[in-house]
Amino acid sequence: MISSAVKQSLVDRGDVLEDLVRYLRMAWESFDRPRPSEPVVDSDLLRRLVRDIPQEGSPTSAALDDAVRILDASVSPARPLYLAYIGSSGLETGVLAAALTSAYDANLATAAGAADLLDRQAVRWAGQFIGFPVAEGHFTSGGQISNLTAVLAAREHALPGTRENGVGAREVALYCSAEAHHSIARAVEAAGLGSRCLRRIAVDTRHRMDPAALGNALQEDARRGVTPIAVIATAGTTLTGAVDPLDVIAEVCAQHDVWLHVDGAYGVPAAATATAGHWFHGLERADSVTMDAHKWLGVPKSCSLILMRETGHLRAAFGHQETYMLHEGDTANAVDHTLEYSRPFNSLKLWLALRVHGAEQYRSWLEGTLDNANLLAATIRARPDFALLNTPMLSTVCFQHTPPGLPADQLNEHNERLAHAMQRDGRVYIAPALVDGRTCLRACFVNYRTTAESVDLVLEVAAQLGRSLDPPC
Ligand SMILES: Cc1ncc(COP(=O)(O)O)c(C=O)c1O
């Protein structure tokens, strides 16, 4: 007999929901403006965080309270002056979708009903937003997996049957710029091709792949009988935000009949903007594109997409017929197109964000971050105590603090120490990076919460802390 008792894991459900709403409001309000410093983890929290597994439960409210204290003492890319790496912004609409997604816990591996339709609609919207003629695509757990998916699809396309037989003794090659993200090398390694077959093509002075050097490498490999699997262009490099010349690269790929994948994990949303859209000419000629909604589109991690210009390649690379997952006729299950198996309903985050804000609001947020980058670059140019290391194509600015009198051979060490001092200070969270052998501060603007007024604080804090650093030893 089925029990009529309702099973509840949370006996205090009503109170807990009230707590949750209060905590979310607190968090969102605290993200509205930069905070004066990073809080430290106090000794009480430290003690709690080394305790062994509890055998008995404890009130949800107390546990939630601990969780929020820990989060508040953690680094959050949602804060308006978190400029390190390529963050996101914990966009509120995405947070709502994440909560609902977790509650329903749909699995996009197999038939999930209306969720499948929404998933496809979100893929179409993503393609429409960046101007890519997407024929099919899927949400993945990150740019790393989207890039790996593309490499596996390209490998099967170049050498059908490889997924069963391996490449054997055949020599293969993939091509990317010297500035490509290391997820490309890892994808090539995971695909069993060996990262030695990855040709790192030289870049120009703006850190973009040199298409002539790419053509030469393809020609040389063709002469030696090496099979080209894919060219991977980057649309927004991690280090400086450089966009490879997609149109010319697409032309080279067409001449050599080789797959073109565009890693736009960070940068491709800017294809939708009036200011930076021109860098992306030729994107529509790519065979596949990676785009992370959990970076510049702000939704919470994880939410990445792999977009394909033609149907069929994903199924060729990933399709299976298993006894526990029979197909209805020739209709593929979602999992026949994806590398990942159990898949959360990540698309709801982007879908809800686009549904609430619309493409126009998104474009205006993106323009705001591009403006912030240009504003910072212009201010750096105008100051004698800073040096600009890249003219931003997108929203990344690399610069050095160059205090008068500091010998040139001490600049690298000074800037590395300064970046760490800024992280400890917490007003502006920034990371060090190495551009053309020079250690710099790297500011990446992807958060719609960052205001133009607060951009001034970046150099103010850097100059103040830079002056107070002990002379480098
Ligand atoms: C250009 C580029 N590609 C791929 C990735 C990997 O993305 P994810 O962290 O979502 O796996 C990154 C991460 O910063 C990136 O900048």
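Provided above is the structure to which this section pertains.
Here the structure is a predicted model, which means the values were calculated and not measured.

Chemist: Even after reading the chapter, I still don't get the overall build of the protein chain, so can you show me in this structure?
Modeler: Summing up its helical and strand segments, the protein chain has 14 helices and 11 strands in all. Taking 2.2 N^0.38 as the reference for a compact globule, 473 residues should give roughly 23 Å; the C-alpha atoms of the protein chain span a radius of gyration of 24 Å, in line with that estimate. Projecting the C-alpha coordinates of the protein chain onto the three principal axes gives extents of approximately 80 × 60 × 45 Å. Across the 473 residues that make up the protein chain, the buried fraction comes to 44%. Restricting the contact set of the protein chain to residue pairs at least 6 apart, pairs at least 24 apart contribute 74%.

Chemist: Even after reading the chapter, I still don't get the sheet that holds strand β10 (residues 431-435), so can you show me in this structure?
Modeler: Backbone-to-backbone hydrogen bonds join strands into a sheet, with any given pair of strands oriented parallel or antiparallel. Taken in spatial order, the 4 strands line up as β8-β9-β11-β10 in an open sheet, and their pairing is antiparallel. The open sheet terminates on both sides in strands that have one partner only, identified here as β8 (386-388) and β10. Averaged over all adjacent pairs, the angle separating strand axes in this sheet is 45°, with direction ignored. Note: strand β9 (residues 396-401) against strand β11 (residues 438-444), 4 bridges, orientation antiparallel. Residue Cys398 lies in a different strand from β11, and its bridge partner there is Arg442. The sheet contacts of helix α12 (residues 347-382) involve β8, β9 and β11, and relative to β9 the element is tilted by about 25°. Against the sheet, helix α14 (residues 452-468) engages β8, β9 and β11, with an angle of about 25° to β9.

Chemist: It is not clear to me how the pairing of strand β3 (residues 198-201) should be interpreted in this structure. Could you clarify?
Modeler: Looking down a regular strand, the side chains alternate between one sheet face and the other. As defined by bridge partners, strand β2 (residues 172-177) adjoins β3 across 4 bridges and the pair is classed as parallel. Among the inter-strand pairings, Tyr175 is bridged to a residue of β3, identified as Arg199. Of the crossover connections in this fold, the one passing from β2 over helix α8 (residues 182-190) to the parallel β3 is right-handed.

Chemist: Would you take a moment to explain the packing of α12 against α14 for this structure?
Modeler: Here α12 crosses α14 at 40°, and the two axes come no closer than 10 Å. It follows from the interaxial angle that α12 and α14 lie oblique. Viewed along their axes, α12 and α14 form a crossing whose handedness is right-handed. Contacts between α12 and α14 pair Asp371, Asn372, Leu375, Leu376 and Thr379 from the former with Ala452, Val455, Val458 and Leu459 from the latter. Of the residues that constitute the contact of α12 with α14, the class distribution is 6 nonpolar, 2 polar and 1 charged.

Chemist: What exactly am I supposed to notice about the sheet that holds strand β6 (residues 288-292) here?
Modeler: Strands sit in the order β1-β7-β6-β5-β4-β2-β3 across an open sheet of 7 strands; the sheet is mixed. Every interior strand has two partners, whereas the edge strands, β1 (136-140) and β3, have only one. On average, adjacent strands in this sheet sit at an angle of 20° to one another, irrespective of strand direction. Across the face of the sheet, helix α5 (residues 114-130) comes into contact with β1, β6 and β7 (304-308) while running at roughly 75° to β7.

Chemist: What exactly am I supposed to notice about the packing of helix α4 (residues 92-104) against α12 here?
Modeler: The angle between the axes and the distance between the axes are what describe a pair of packed helices. Close contact between α4 and α12 brings their axes to 8 Å; oriented N to C, the two are set at 140°. In terms of axis orientation, α4 runs oblique to α12. Classified by chirality, the crossing of α12 by α4 is right-handed. Residues Thr93, Gly94, Leu96, Ala97, Ala98, Leu100 and Thr101 of α4 touch α12, and the partners they reach there are Leu348, Lys349, Leu352, Ala353, Val356 and His357. Considering only residue class, the contact of α4 with α12 consists of 8 nonpolar, 4 polar and 1 charged.

Chemist: Quick question: what am I supposed to make of the environment of Thr331 here?
Modeler: Relative to the assigned elements, Thr331 resides in the loop between α11 (313-318) and α12. On the neighbour-count criterion, Thr331 (8 C-beta atoms within 10 Å) is exposed. C-alpha separation for the pair Thr331 and Ala274, spaced 57 residues apart in sequence, amounts to 40 Å.

Chemist: Would you mind going over the nonpolar core with me for this structure?
Modeler: Across soluble globular proteins, nonpolar side chains have a tendency to be buried as a group. Counting residues in each nonpolar core, the largest one holds 125 residues, and the members touching the most others are Leu83, Tyr175, Val231, Ile249, Leu283, Leu307 and Leu350. If one sorts the elements of this core by residue count, α12 sits on top with 13 residues. Leave out the neighbours within four places in its chain, and Leu83 touches Val428, Tyr429, Ile430, Ala443, Cys444 and Phe445.

Chemist: I'm lost on the site of the ligand in this one. Help?
Modeler: Taken together, 14 residues lie near the ligand, and Gly142, Gly143, Gln144, Thr238 and Ala265 sit nearest. The element contributing the most residues to the shell around the ligand is helix α6 (residues 143-158), with 3 residues. Tallied by class, the residues present in the shell around the ligand amount to 3 nonpolar, 9 polar and 2 charged.

Chemist: What is the right way to look at unusual backbone geometry in this model?
Modeler: Outside of glycine, negative phi angles account for most residues, and trans bonds account for most peptide bonds. Along the chain, Lys301 connects to Ser302 via a cis peptide bond; the corresponding omega equals 0°. Here Ser302 shows up in the loop between β6 and β7. In this model, His207 sits at a positive phi of 70°, which is unusual for a non-glycine residue. Looking at where His207 falls in the secondary structure, it is placed in the loop between β3 and α9 (211-223). At Asp436, a residue that is not glycine, the phi angle is positive and equals roughly 50°. Tracing the chain through its elements places Asp436 in the loop between β10 and β11. Note on Asp436: 12 C-beta atoms within 10 Å, which makes it exposed.

Parameters and conventions
- Residues numbered from 1 in each chain as written.
- Predicted model: local features only at pLDDT ≥ 70, side-chain atom pairs only at ≥ 80, totals over all residues.
- Helix = DSSP H or I, 4+ residues; strand = E, 2+ residues; numbered from the N terminus.
- Rg over C-alpha atoms; globule rule 2.2 N^0.38 Å.
- Buried ≥ 20, exposed ≤ 12 C-beta atoms within 10 Å, placed from the backbone.
- Contact = placed C-beta atoms within 7 Å.
- Pairing = 2+ DSSP bridges.
- Axes fitted to C-alpha atoms, helices over the stretch in contact; angles between N-to-C directions.
- Right-handed = clockwise from strand over helix to strand, strands pointing away.
- Parallel < 35°, antiparallel > 145°, perpendicular 65-115°, else oblique.
- Left-handed = near helix turned anticlockwise from the far one by under 90°.
- Nonpolar A, V, L, I, M, F, W, Y, C, P; charged D, E, K, R; others polar.
- Core = buried A, V, L, I, M, F, W, Y, C linked by C-beta atoms within 7 Å.
- Near = placed C-beta within 6 Å.

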